[in-house]
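# Chain and residue survey
Take a look at the letters that make up each chain.
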Amino acid sequence: MRAVIVQRFGDPSGMEIIDVSHPTPEADQVVVETAAIGVGGVDAMIRRGTVADMLPVPAGLIPGSEVAGVVSEVGADVDVSWVGRRAWAFTGISGGYCAFATARVSDIAALPDELSFVDAVAVGGAGPVAHFALAHAHFGSADSVLVRGGSGSIGIATVELAARAGARIVAVTTSSQERGRRLGELGATHILDRTGAGDPHAPTHFDVIIDIVGGTAVPEFIDRLAPNGRMVIAGMVAGPVPADVGSRLLAGFQLSRSLATFSLDTIGNDAKDVVRRQQFDAVTRGALHAVVEDVLPLERAADAHRLMDAGQVFGRIVLAP
Ligand SMILES: NC(=O)c1ccc[n+]([C@@H]2O[C@H](COP(=O)([O-])OP(=O)(O)OC[C@H]3O[C@@H](n4cnc5c(N)ncnc54)[C@H](OP(=O)(O)O)[C@@H]3O)[C@@H](O)[C@H]2O)c1
């Protein structure tokens, strides 16, 4: 079968499309014939080789962690009624960019008939991250929210979920006015530049900050938390957070502010499954948007990564085998 591999870490030219043997499912696994493959920020970080300390992977890996398609085979311990069903699947930190992907049966979800495979991979991973990151921040509808890094699929879902829950202030950081306009259509009330400036009507401080960007500016955004404010770091697209970040919290001791990280890995499969299914249904009703920048053939995986590296992806870019 066809698969994309990262032959050499660094720029996207180190990716190649090759033929590999058809996978055989382990006892608790399914094989999905992929129809849509999500290209995520993590895939780009792994390909660049910049997160080798955190996520050590060998050259030659097949990148990608979420796919949608039809279950074609199941392992010995899996209910055979899965065969032929449309499903979304999490493949782990690798294994997605190929014609037939394997996933544990506990990491797949059946798709509603009305939901396209492409829309499934735009929401299946990002939507639950947004939902549980907001919950981790103890978000309530009376809170003001800032989403730092609103233009990616996690940020977009966070904006929509916060707005739909009734938050009256949902600010975002973004690099362009056009992206800000689109985020406004999805529920953002205040559009800030990447430094957090640019809207004189925006509040100076927020009850909740969901940060997908990370990087050296995190301490400055800690200073944008209101008393009792909660900041949750759910991504680090701009790189690691300074090691002495705790000193900024301690400097504001009397403000009772909190900083936390959030990873979906800490959420049980059943809870993730319930939320994912609700969100898939919400997309079919138009209550949640699957925002897709483009769908490219699998052969153009390197081009998809070039678009990611150039910051030209709003929402999700998707590969189709
Ligand atoms: N917590 C979890 O369980 C979980 C699960 C999966 C992935 N992740 C993490 O989530 C991140 C990817 O999420 P995503 O796909 O939604 O994000 P993304 O699309 O890769 O990036 C989000 C947005 O951040 C802005 N941005 C990019 N570089 C920036 C920089 N240097 N400074 C400031 N803003 C910058 C860009 O928007 P503008 O150009 O509009 O500013 C970009 O669209 C990765 O860090 C990944 O590890 C976390």
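Everything numeric in this text was worked out from a predicted model, so none of it was measured.

Rules behind the numbers
- Residues numbered from 1 in each chain as written.
- Predicted model: local features only at pLDDT ≥ 70, side-chain atom pairs only at ≥ 80, totals over all residues.
- Core = buried A, V, L, I, M, F, W, Y, C linked by C-beta atoms within 7 Å.
- Buried ≥ 20, exposed ≤ 12 C-beta atoms within 10 Å, placed from the backbone.
- Domains from an automatic or database assignment.
- Contact = placed C-beta atoms within 7 Å.
- Near = placed C-beta within 6 Å.
- Helix = DSSP H or I, 4+ residues; strand = E, 2+ residues; numbered from the N terminus.
- Nonpolar A, V, L, I, M, F, W, Y, C, P; charged D, E, K, R; others polar.
- Arc of directions from axis to C-beta.

## Considering the nonpolar core
Counting residues in each nonpolar core, the largest one holds 93 residues, and the members touching the most others are Val32, Ala120, Val121, Ala133, Val145 and Ile210. Here this core spans two domains, and each of domain 1 (2–116 + 290–319) and domain 2 (126–264) adds at least three residues to it. Contact partners of Ala133, with chain neighbours within four places excluded, come to Thr158, Ile210, Val232, Ala234 and Phe262.

## Comments concerning the site of the ligand
Taken together, 28 residues form the shell around the ligand, and within it Gly41, Gly149, Gly152, Ser175 and Gly235 come nearest. Within the residue set of the shell around the ligand, elements represented by two or more residues are helix 1 (41–48), helix 3 (126–136) and helix 4 (153–164). Here the shell around the ligand takes three residues from helix 4, the largest share from any one element. Of the residues that constitute the shell around the ligand, the class distribution is 13 nonpolar, 13 polar and two charged.

## Here we look at unusual backbone geometry
Located in the positive-phi region is His138, a residue other than glycine, with phi close to 50°. With respect to the helices and strands, His138 occurs in the loop between helix 3 and strand 8 (145–148). One non-glycine residue with positive phi stands out, namely Asn228, at about 65°. Among the secondary structure elements, Asn228 is positioned in strand 12 (residues 225–233). Look at Asn228 and you get exposed, because 12 C-beta atoms sit within 10 Å.

## Thoughts on the domain arrangement of the chain
Along its sequence, the chain is carved into domain 1 (2–116 + 290–319) and domain 2 (126–264). Taking only C-alpha atoms, the centre of domain 1 and the centre of domain 2 are 28 Å apart. Facing the six residues of domain 1 at the interface are nine residues of domain 2. Here the residues of the side of domain 1 that touches domain 2 sort into two nonpolar, three polar and one charged.

## Focus: helix 9 (residues 301–309)
For helix 9, the complete set of buried residues consists of Ala301, Ala304, His305 and Met308. One side of helix 9 holds all its buried residues, which, seen down the axis, span an arc of 95°. Against strand 1 (2–6), strand 2 (15–19), strand 3 (29–39), helix 1, strand 14 (292–297) and strand 15 (316–320) lie the buried residues of helix 9. Of the residues flanking the end of helix 9, it is Gly311, one or two places downstream, whose phi is positive at about 70°.

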